[in-house]
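Analysis of the macromolecular model
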Amino acid sequence: MTTLTKPETAAPRAPKRRRRISGLRLYTLVLIGWLILPIAIMILFGFNDTHGKQNFRWEGFTLRWYVHLFDKSDLTTAVVNSLTIALLSTLITTVLGTFAGLALGRYRFRGRGATNIVLFMAISCPEIVMGASLLSMFVTFNLPRGYLTILVAHVMFSIAFVAVTVRARVVGLDPSIEEAAQDLGAGPWARFRLVTLPTIMPGVVSGALLAFVLSIDDFVISNFTSGATVTFPLWIYGSTRTGTPPQVNVMGTLIFAVGVVIAIISARRNARAVR
Amino acid sequence: MTETQSAPVREAPERAVAAIELSGVEKSYVSHGETVAAVRGVDLRIAEGEFFSLLGPSGCGKTTTMRMIAGFEDPTAGAVYLHGSDVTGVPANKRDVNMVFQSYALFPHMNVFENVAFGLRRKGVPKDEIRSRVGAMLGVVDLAGREKRRPAELSGGQQQRVALARALVNRPRALLLDEPLGALDLKLRQLMQVELKRIQREVGITFVYVTHDQSEALTMSDRIAVMNDGVIEQLGTPREIYERPATRFVAGFIGTSNLLGGEVAGAGERAVLAGGPDERIEVPLRDGAAVAVGERLELTVRPEKIGIGLDRPDEGLCRVRGTVTEVVYLGTSTNYNVTTAAGADVVVFLQNATSADDIAVRGDDVWLSWDPRHSYAIHPDA
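Criteria and thresholds
- Residues numbered from 1 in each chain as written.
- Chains lettered and ligands numbered in written order.
- Predicted model: local features only at pLDDT ≥ 70, side-chain atom pairs only at ≥ 80, totals over all residues.
- Contact = placed C-beta atoms within 7 Å.
- Helix = DSSP H or I, 4+ residues; strand = E, 2+ residues; numbered from the N terminus.
- Nonpolar A, V, L, I, M, F, W, Y, C, P; charged D, E, K, R; others polar.
- Axes fitted to C-alpha atoms, helices over the stretch in contact; angles between N-to-C directions.
- Parallel < 35°, antiparallel > 145°, perpendicular 65-115°, else oblique.
- Left-handed = near helix turned anticlockwise from the far one by under 90°.
- Domains from an automatic or database assignment.
- Pairing = 2+ DSSP bridges.
- Expected span 1.5 Å × (residues − 1).
- Buried ≥ 20, exposed ≤ 12 C-beta atoms within 10 Å, placed from the backbone.
- Arc of directions from axis to C-beta.

On to the interface of chain B and chain A. The interface of chain B with chain A comprises 17 residues on the first partner and 15 residues on the second. Contributing elements (two or more residues each) for the side of chain B that touches chain A: strand 6 (97–100) and helix 3 (112–122) of chain B. Looking at side-chain class alone, the side of chain B that touches chain A contains nine nonpolar, six polar and two charged residues.

In structure tokens:
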């Protein structure tokens, strides 16, 4: 009896399961392809042996653009501007945002609710609105637009992201950890340095990475607040009218590569911390 | 001026200097514009090397009291002394006591060794000494060889022992433990109770133990302070607390207790309460307590002190009639629930030492009896 029914139930189940897996696999492949294809094309056209002004048609492989990476000095200036603005704004944002996140996650104080709402508004506000209002504000205060106003704007819109990431981490922490440190003889500064900061570090690092990424590829807000200063995204936008040189693809590829390395390191660290 | 004059008087005790002394300690919080009293006047003297428990239900002020000893809270009124010196207002990091937290509060980013060494490193103890002291302490708590593990890689019981080692390695004048076994399962909890007692004997440090678990407090403590609503209801050895509950609250909170009440029919060395025909309820009047005939009096009798039978008990024993409402067989013992003729519910624990069958079944009319010495009068105001 059992020997009769067994193959009957087993037989129809096997192909069903296989079909479900292949469907899932197809979906996964399509999704990965969708995400990766634009990046692959950017990387590929950094090796394109193009001779015209445009870099749209594949004309053969070359490493020419890697050798002549810094030939366009205004492009190089734009990339340096973007990198220094991103690094500076990340630094400032991470410090300010971490303290804000700590305060919001740990303490109850007057104005805590209002601060949370302001942070949420900074995140949800459309970039175009924020850019336009920043421009009006700078004009009203008669501030000359340039490097500094871009930096101020970038700190302004990314601080909320760091604060929110750190706050989420702080909320999940056991508050008695700091009391334990105090109990064991640690003063306020030692407590922060040895216990609080290391335990919220994953949140701080994710917040910093987010701030850097937001700053380096920001176009809309930078466009409003830049004045005569040119950043990498602004330069690319300007170049589309006359033809985008392959160096742009190379710069993009290099920035992407650094980002990937940092993301992998961060993911590995988090995985270890969780374990 | 008065401060400096009164302080030495307080510091000169009749007996040896107490490891921990609380004098008139009060603590109130302002919450939503209202003042809430968490601790309402606690006086305590905990001796050197004592295992002292603060026992009470949640919200009774026991944890607040401990946090004031640790230095995490400042008393609203009163003073805290550690070894005779006033530490009121001294922050926790400058007090010579250490605490074991309910959640253990281990540093998740440090391994076991770094966790245990934290306090010694803060004090600037030389590296070699740190290594030997941490090693020795991990031996005491049976965790040798696990120095490199992270807290997340340890079981609950092991984390508990790391927390203990991290506090004890500093050789504090007193160790404060805030419900440290609350998160462990029953078996492990019972194991750790014995373990804690052993460690305390081994290191000889004063332990102050906060718990809401009466059996835990009875098992380990030299003395227990039973707290309720911000005050100490009773302070004494486990035996005193259990056998002679001073208040109705203590009688109800510690173990199972039977409350019997009645009008005083005769008073002298013993008060005799009016009961049904042929019943006799007596309670010795201890410590010069006096009652008048006609007053209402309540007394407690522990369930294991009461005998149960179908025949009238011997003369000289307290005796009450009742009807069995429930019989619960528990292996080593049997519980009988009996409703007395006067309407009180009484629980009786009977060891199953000899009897093969139950003495009574549900619905039986029985006699309850006990030695009058096991009756304890409850303070009428409590």
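We are not done yet, so read on.
With that settled, consider the packing of helix 3 of chain B against helix 5 (residues 156–168) of chain B. Residues and elements named next belong to chain B. Contact geometry for helix 3 and helix 5: axes closest at 7 Å, N-to-C directions at 30 degrees. Judged by the angle between their axes, helix 3 and helix 5 are roughly parallel. Of the two elements, helix 3 crosses helix 5, and the hand of that crossing is right-handed. Contacts from V112, N115, V116, F118 and G119 in helix 3 reach V162, A165 and R166 in helix 5. In terms of residue class, the contact of helix 3 with helix 5 is made up of five nonpolar, two polar and one charged.

Time to look at the domain arrangement of chain B. Splitting chain B by domain gives domain 1 (2–96 + 172–249) and domain 2 (256–377). A straight line from the C-alpha centre of domain 1 of chain B to that of domain 2 of chain B covers 35 Å.

Right, let's get into the sheet that holds strand 16 (residues 318–329) of chain B. Residues and elements named next belong to chain B. One open sheet accounts for five strands, arranged 15-19-16-17-18; its pairing is antiparallel. Either end of the sheet is taken by a strand with one partner, and the two such strands are strand 15 (307–309) and strand 18 (345–351). Strand after strand, the sheet turns through a mean of 45 degrees between neighbouring axes, direction not considered. Judged from the three bridges that link them, strand 15 and strand 19 (residues 365–370) form a sheet pairing that is antiparallel.

Let's shift gears to helix 5 (residues 127–140) of chain A. Residue and element names in this part refer to chain A. Over its 14 residues, helix 5 extends 20 Å from the first C-alpha to the last, a length consistent with the 20 Å expected when each residue adds 1.5 Å. Of the residues making up helix 5, those classed as buried are G131, L134 and F138. Axial view of helix 5: buried residues confined to an arc of 65 degrees, hence all on one face. Across from the buried face of helix 5, at angles greater than 90 degrees, the exposed residues are I128, V129, S133, S136, V139 and T140.

What follows concerns the sheet that holds strand 12 (residues 270–273) of chain B. Residues and elements named next belong to chain B. Within the open sheet, the five strands sit side by side as 13-12-11-14-20. Their pairing is antiparallel. Each having just a single partner strand, strand 13 (281–284) and strand 20 (376–377) make up the two edges of the open sheet. Here strand 14 (residues 296–301) runs beside strand 20; their pairing, made up of two bridges, is antiparallel. Within the sheet, the bridge partner assigned to T300 lies in strand 20 and is Y376.

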